[in-house]
Each structure stands twice: as structure tokens, then as C-alpha cells.
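Below are the chains, spelled out letter by letter.
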Amino acid sequence: MIVLGIESSCDETACALVNEKREILGQALLSQEEHHAFGGVVPEIAARAHLEHIDDIISHALKNANISLNDVDAVAAASGPGLIGGVVVGVMAAKALALALNKPFIAVNHLEGHALCARLSNDVQYPYLLLLVSGGHCQILVVKDVGEYERLGTTIDDAAGEAFDKVAKMLGLGYPGGPLLEKAALSGNANRFTLPRPLINSGDCNLSFSGLKTAVRKIIESYSEDGDIAHADLELQDINDICASFQYAATDCLVRKLKKAIDIVKQKYPNAKHLVVSGGVAANTYLRNALKKLADESGFIFAAPPIKYCTDNGVMIAWAGLERFQKGYTSPLDFKPRPRWPLDEFAPKAAGAGGVKA
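Remember, predicted model here, so these are calculated numbers, not experimental data.

Asker: Please clarify how the overall build of the protein chain should be interpreted in this entry.
Answerer: Tallying secondary structure elements over the protein chain gives nine helices and twelve strands in all. Against the globule reference of 21 Å for 358 residues, the protein chain gives a C-alpha radius of gyration of 21 Å, in line with a compact fold. If you line up the protein chain on its principal axes, its C-alpha atoms span 65 × 50 × 30 Å. For the protein chain, with 358 residues in total, the buried portion stands at 56%.

Here it is, written out as C-alpha cells:
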């Protein structure tokens, strides 16, 4: 069984082919560089770039797999949430292929792609505890099965990845900010600046990063005579220490909330054995190490996709599509792409949610 998956929900145009043996047969990915000058993704530019490159990306993936379209059993596409212009490009390409080949079309929730990706590279069994952490999303969930999720907590404002990127931008590190901040933090003192841990005593698993980001801004402003961060007189060591202090605080918030989530999971799902992290921020080595330590202390097994599959890619969409296809769930060709699509509202059997029993 071979599934072709297409990802175009933000600024990566990607395609991959996987099979039921957990083999990645071929893939291709293009990260759009047009956005660097703007310090963030411009939706209109992203959509046009997807439209320009998607045919070539699909062709390259097939060539790398050394198979033809006739060998494909189903076609999947990230169908939301995301920048709707880009999502539409990927969905229309997938529908066109499915119609021309007379093969099933599978609408994949982009977040489910992240949620299930660790199962491709690790022996992770349902149910498991998941930290889904990216530039646009930050959720703590129990993954019960394909399409079955229980949300234990979420951010009430900024996503963790968004906070990483915005702090990096305030410090003039460039784009994308998260990896550059992590690199700077390696040379920094994480204990130099005292930063808040928002919602840490809330008693639930919800998160907040807006106040943490604002606290960093105030530190930067203190180095400017006129209070303008653009005029802050920061030495390189100051920047590195701010990055290290922020990364430590953000990770500490995530770890503390996951401790609460682990207690809940142990009570409700005693068979759960894995703590999984996925999403773009899961590529952060500092965070991965902290979560590995937490898992070990809690009697859980830590699992995460390989770093190259944490950010948006076609492999995770193809794999999620394959998992859904194995359950017998396909989608109608009149499925409408969704700019917003909460993962815990993802009903696999509901046609409106992208899944109908084959």
C-alpha cells in the first residue's frame, strides 16, 4: 500500500510517498525563501510560490521513489489548518491526481500529520501523551487512535514557536528565528535574567507565552535610552544570555505543565507508555533533552520524529493519510479546505471533518 502526501499549509511545498512497512519511498521539499526579507510568512506570496512549484515537487518525489503515479493507492493532502491560499493549492493538486487516477482522496488535518509522525519512526502505541508545539500551535493531547484526541491543555495566547520567533525578531537574529535563538542560547547564561512562568500555578494544563515574550521585550528596552528596542545597545553576550534565559523559561513552562498531564494520563489511561513531542519546535534539542529527562523520571518512554521531520513536510502527511486509509477513511472530492481545524474536534467518520468510511 502506497500513499502520496502533499503539504502546502504554510511556506513549505512538499510531497512524499510512504508505504505500510513504514518505508519512506521518496520525497521532495522546497522551503520558500521569499519571506526572509519580510521577517515572516506573507500568505499571498506563499500561495503563489506553492502554485509555481507544486507540480515539480510531486514529480521529484515520484522520481526519487522510482515509481509511477499508477503505483499509488491513495492521495492525501494537508487540508487545514493553515494559510488557506496554500492549503487550497495542495488540496486541488491532490484532488486532481485522485480524480485522474481514480484513486481515493484523503483530507489530512495538518496537526494530525504532526501528531502521528512519531509512529512512523518509533514503535509508539495508542494511547500516548503528545506535546504538539509549533509556530502556530501549542497543545497537550492524549492521542487515543487515528482521529481520536483528547485535549488536556492549550496556549491561551501565543504559541511557543511564535514566541521563539518574535523574541528572535526583537533581538535582530533574523528569520526563521527559532533555530537562530537556540544557536545563540548555546553561548548564553540561562540564569542571568529572571523571567516569569505564566499560568504555572493555574492548576490546569493550559499555557501562556505572551507575558513571557513581553518580559523579554522589557529587558531589551532597558538597554535603550529612549525605550525603543531598535536602539537597544546590546552586546553579543547580552543577546546570548537573553536567548538562553528565554529558552529556559519557555521549556520550564512546558515541562511543568506536562508533569500535570502525565499525572492525568496515568490515572485515566494506565496503558499509556509514551511521551511524544512533535511540531516545528520539537526540533529544539534543548527542549527534547528536557522532555527526555521528564519521561525518564516519570516512567514514560520518550519519542519524537527525527528532527528533519519536525517541521512541515510531506512525509507526515503521507503517513497520516496511510494511517487513515488503513482504517478505511477517505474523503469526498467536494471536501472544503479549512483555515481552522481543531484537532480534538477531528471526527474520523464525519464527512464534514474529512473522513467517510470507504
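Asker: Teacher, can you tell me more about unusual backbone geometry here?
Answerer: With glycine set apart, most residues show a phi of negative sign, and most peptide bonds adopt trans. A cis amide bond links Gly 80 with the next residue in sequence, Pro 81, at an omega value of -10°. Considering the arrangement of structural elements, one finds Pro 81 in the loop between β4 (74-78) and α2 (84-101). In this structure, the amide linkage connecting Tyr 126 to the following residue, Pro 127, adopts the cis form with an omega of -10°. Here Pro 127 lies in the loop between α3 (110-121) and β6 (128-133). The phi dihedral of Asn 102 is positive, around 60°, even though this residue is not glycine. A positive phi angle, close to 65°, is found at Leu 199, a residue other than glycine.

Asker: What am I meant to see in the pattern of salt bridges here?
Answerer: A side chain with one charge can pair with a side chain of the opposite charge if their charged atoms come near. Tallied over the full model, the rule gives 15 salt bridges. A salt bridge links Arg 119 to Glu 323; its shortest N-O distance comes to 2.8 Å. With Arg 119 in helix α3 and Glu 323 in helix α9 (residues 314-326), this residue pair connects regions lying 204 residues apart in the sequence. Owing to a relative accessible area of 10%, Arg 119 belongs among the buried residues under this scheme. Where Lys 257 meets Asp 204, a salt bridge forms, and the shortest distance between an N and an O atom there is 3.6 Å. Separated by 53 residues along the polypeptide, Lys 257 in helix α7 (residues 236-268) and Asp 204 in the loop between α5 (177-185) and α6 (210-221) bring together distant segments of the chain. Salt bridges sharing common partners tie together Lys 144, Glu 150 and Lys 268.

Asker: Sorry, what's going on with the sheet that holds strand β8 (residues 148-154) here?
Answerer: Whenever strands of a sheet pair, they do so through backbone hydrogen bonds, lying parallel or antiparallel. Across the sheet, five strands lie side by side as β8-β7-β6-β9-β10; this open sheet has mixed pairing. Each edge of the open sheet is held by one strand with a lone partner, namely β8 and β10 (301-303). On average, each strand axis in the sheet is tilted by 25° relative to the strand beside it, whichever way the strands run. In this sheet, strand β7 (residues 138-145) lies alongside β6 in antiparallel orientation, the contact comprising six bridges. Paired with Leu 131 across the two strands is Ile 140, which belongs to β7. Across the sheet, α7 is in contact with β6, β7, β8 and β9 (274-278); its angle to β6 comes to roughly 155°.

Asker: Can you help me understand the environment of Thr 155 in this one?
Answerer: As for its placement among the helices and strands, Thr 155 is situated in the loop between β8 and α4 (160-170). A relative accessible area of 14% places Thr 155 in the buried class. The spatial distance from the C-alpha of Thr 155 to the C-alpha of Ile 140 is 9.2 Å, given a sequence separation of 15 residues. Among the polar contacts listed, one links the side chain of Thr 155 to the backbone nitrogen of Asp 157, at a separation of 3.2 Å.

Asker: Teacher, can you tell me more about the state of the cysteines here?
Answerer: When the sulfur atoms of two cysteines share a covalent bond, that bond is a disulfide. The full count for this structure, using the stated rule, is zero disulfides. Left unpaired, Cys 117 is separated from the closest cysteine sulfur, that of Cys 310, by 7.4 Å. No disulfide involves Cys 205; its sulfur sits 12 Å from the nearest other cysteine sulfur, which is in Cys 138. You can call Cys 205 buried: its relative accessible area is 3%.

Asker: What is the right way to look at the packing of aromatic side chains in this model?
Answerer: Each pair of aromatic rings is reported with the distance of its centres and the angle of its planes. In the structure shown here, the tally under the stated rule is three aromatic pairs. The interplanar angle of 70° and the centroid separation of 4.9 Å between the aromatic rings of Phe 164 and Phe 246 together place this pair among those described as edge-to-face. Of this pair, Phe 164 sits in helix α4 while Phe 246 is found in helix α7, placing the two residues 82 residues apart along the sequence. A ring pair is formed by Phe 335 and Trp 341, whose centres lie 5.6 Å apart and whose planes are at 35°; its orientation type is tilted. On the basis of relative accessible area, Phe 335 is assigned to the buried category, the value being 5%. Under the relative-accessibility criterion, Trp 341 is labelled buried at 2%.

Asker: Could you clarify how one ought to interpret the side chain of Lys 257 in this entry?
Answerer: For Lys 257, a relative accessible area of 1% gives the class buried. Polar contacts involving the side chain of Lys 257 include one to the main-chain carbonyl oxygen of Leu 199, which spans 2.6 Å. Contact partners of Lys 257, with chain neighbours within four places excluded, come to Ile 140, Leu 199, Ile 200, Ser 202, Asp 204, Cys 205, Asn 206 and Leu 207.

Asker: Explain the pairing of strand β2 (residues 12-19) to me, please; I cannot follow it from the model alone.
Answerer: Where a strand is regular, its side chains alternate between the two sheet faces. Most of β2 sits inside the fold, with eight of its eight residues counted as buried. Residues of β2 alternate between two faces, with Glu 12, Ala 14, Ala 16 and Val 18 on one and Thr 13, Cys 15, Leu 17 and Asn 19 on the opposite face, all of them buried. The pairing of strand β1 (residues 2-7) with β2 spans six bridges and is classified as antiparallel. From the neighbouring strand, Glu 7 faces β2, where its bridge partner is Ala 14. From the end of β1 to the start of β2, which pair antiparallel, there are four residues.

Parameters and conventions
- Residues numbered from 1 in each chain as written.
- Predicted model: local features only at pLDDT ≥ 70, side-chain atom pairs only at ≥ 80, totals over all residues.
- Heavy atoms only, no water.
- Helix = DSSP H or I, 4+ residues; strand = E, 2+ residues; numbered from the N terminus.
- Rg over C-alpha atoms; globule rule 2.2 N^0.38 Å.
- Buried < 20%, exposed > 50% of the residue type's maximum accessible area, 1.4 Å probe, protein only.
- Salt bridge = Lys/Arg side-chain N within 4 Å of Asp/Glu carboxyl O.
- Pairing = 2+ DSSP bridges.
- Axes fitted to C-alpha atoms, helices over the stretch in contact; angles between N-to-C directions.
- Contact = heavy atoms within 4.5 Å.
- Polar contact = N/O pair within 3.5 Å; in protein donor to acceptor, adjacent residues only side chain to side chain.
- Disulfide = S-S within 2.5 Å.
- Phe/Tyr/Trp six-rings, centres within 6.5 Å; stacked < 30°, edge-to-face > 60°.

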